[in-house]
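# Inside the fold
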Amino acid sequence: MKRLTSCVFFLFTFCISLAQEVKTTIVVDSAQVKIESSKANINEKKSQLKSDLQDQKKISRQQKKNDNRATDERRELAKEQRKLKKEQKRTQKENRTISNDNEKRNDSKKREIKLNQRLMNANKDLVKLQEKFEKKKNKGNMTAVVNSKFEVKITKKQLEVRKIEEDIANLKKY
């Protein structure tokens, strides 16, 4: 019986050691599968990161090109705006000059109209004075003093008319 017990004990120990060996193999195999899975996962993540980095570099290059293009466009727009401002200032200056010239012409025309009215009135007065002088002269009762006074008045009116005509001629020069 001792032998049987020792055989059973030996067999039992052999089974336990064999089971431990199988368990160790299973655990080791399981760990290796996990390691392989992790390596594959890591490699996949690395390739994804490389791809992401390349994409990011492409995007950065494209963004830089876009920024440079936008900067160039802003510069061109600023140049164009400066040109437009210069043109606007030049046009405003021309408009002011034209406006000033028009105001001067209008003032000159107003003065000419007033002078023409004065000339018409002076001519009417001269004609009336000459008619009055002719009537008195025709009546024959005119003294030399009255005759001389009429001639002085007529001469003054004639001078006034000439002065107004001269002023009108001077206005038309401008």
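Residues numbered from 1 in each chain as written. Predicted model: local features only at pLDDT ≥ 70, side-chain atom pairs only at ≥ 80, totals over all residues. Heavy atoms only, no water.

## What to know about the overall build of the protein
Across its full length, the protein holds two helices and zero strands. The 174 residues of the protein split such that 9% are buried. Here the contacts in the protein between residues at least 6 apart in sequence split such that 73% fall between residues at least 24 apart. Total accessible area computed for the protein in this model is approximately 15,900 Å², and 55% of it derives from carbon and sulfur atoms. (Helix = DSSP H or I, 4+ residues; strand = E, 2+ residues; numbered from the N terminus. Buried < 20%, exposed > 50% of the residue type's maximum accessible area, 1.4 Å probe, protein only. Contact = heavy atoms within 4.5 Å. Areas by Shrake-Rupley, 256 points an atom, 1.4 Å probe, with all protein chains shown as cover.)

## Examining helix H2 (residues 144-173)
The end-to-end C-alpha separation of H2 is 43 Å, in line with the 44 Å expected for 30 residues at 1.5 Å each. All of the buried residues along H2 are Phe 150, Ile 154, Lys 157, Val 161, Ile 164, Ile 168 and Leu 171. (Expected span 1.5 Å × (residues − 1).)

## A word on a positive patch on the surface
There is a patch of like positive charges on the surface, built from Lys 132, Lys 135, Lys 136, Lys 139, Lys 149 and Lys 153. Only helix H1 (2-139) and H2 provide two or more residues apiece to the positive patch. At four residues, the largest contribution of residues to the positive patch is made by H1. One can find Lys 139 in helix H1. Residue classification places Lys 139 among the exposed positions, given a relative accessible area of 66%. (Patch = residues over 30% accessible without salt bridge, like charges linked within 9 Å, V, L, I, M, F, W, Y side chains within 5 Å. Salt bridge = Lys/Arg side-chain N within 4 Å of Asp/Glu carboxyl O. Lys, Arg positive; Asp, Glu negative; His and termini not counted. Charge placed at Lys NZ, Arg CZ, Asp CG, Glu CD.)

## Things to note about the packing of aromatic side chains
For the structure shown, the criterion picks out one aromatic pair. If you follow Lys 153 out to its NZ or CZ, it ends over the ring of Phe 150, 5.8 Å from the centre. (Phe/Tyr/Trp six-rings, centres within 6.5 Å; stacked < 30°, edge-to-face > 60°. Lys NZ or Arg CZ within 6 Å of the ring centre and 35° of its normal.)

## A word on the pattern of salt bridges
The tally for this structure, following the rule as stated, stands at seven salt bridges. A salt bridge links Arg 90 to Glu 87, with the nearest nitrogen and oxygen atoms 2.2 Å apart. Of this pair, Arg 90 and Glu 87 are both found in helix H1, three residues apart, which corresponds to roughly one turn of the helix. Between Lys 157 and Glu 160 there is a salt bridge; the shortest N-O distance is 3.6 Å.

## Focus: the environment of Lys 163
Positionally, Lys 163 belongs in helix H2. Take Lys 163: its relative accessible area is 46%, and that puts it in the partly exposed class.

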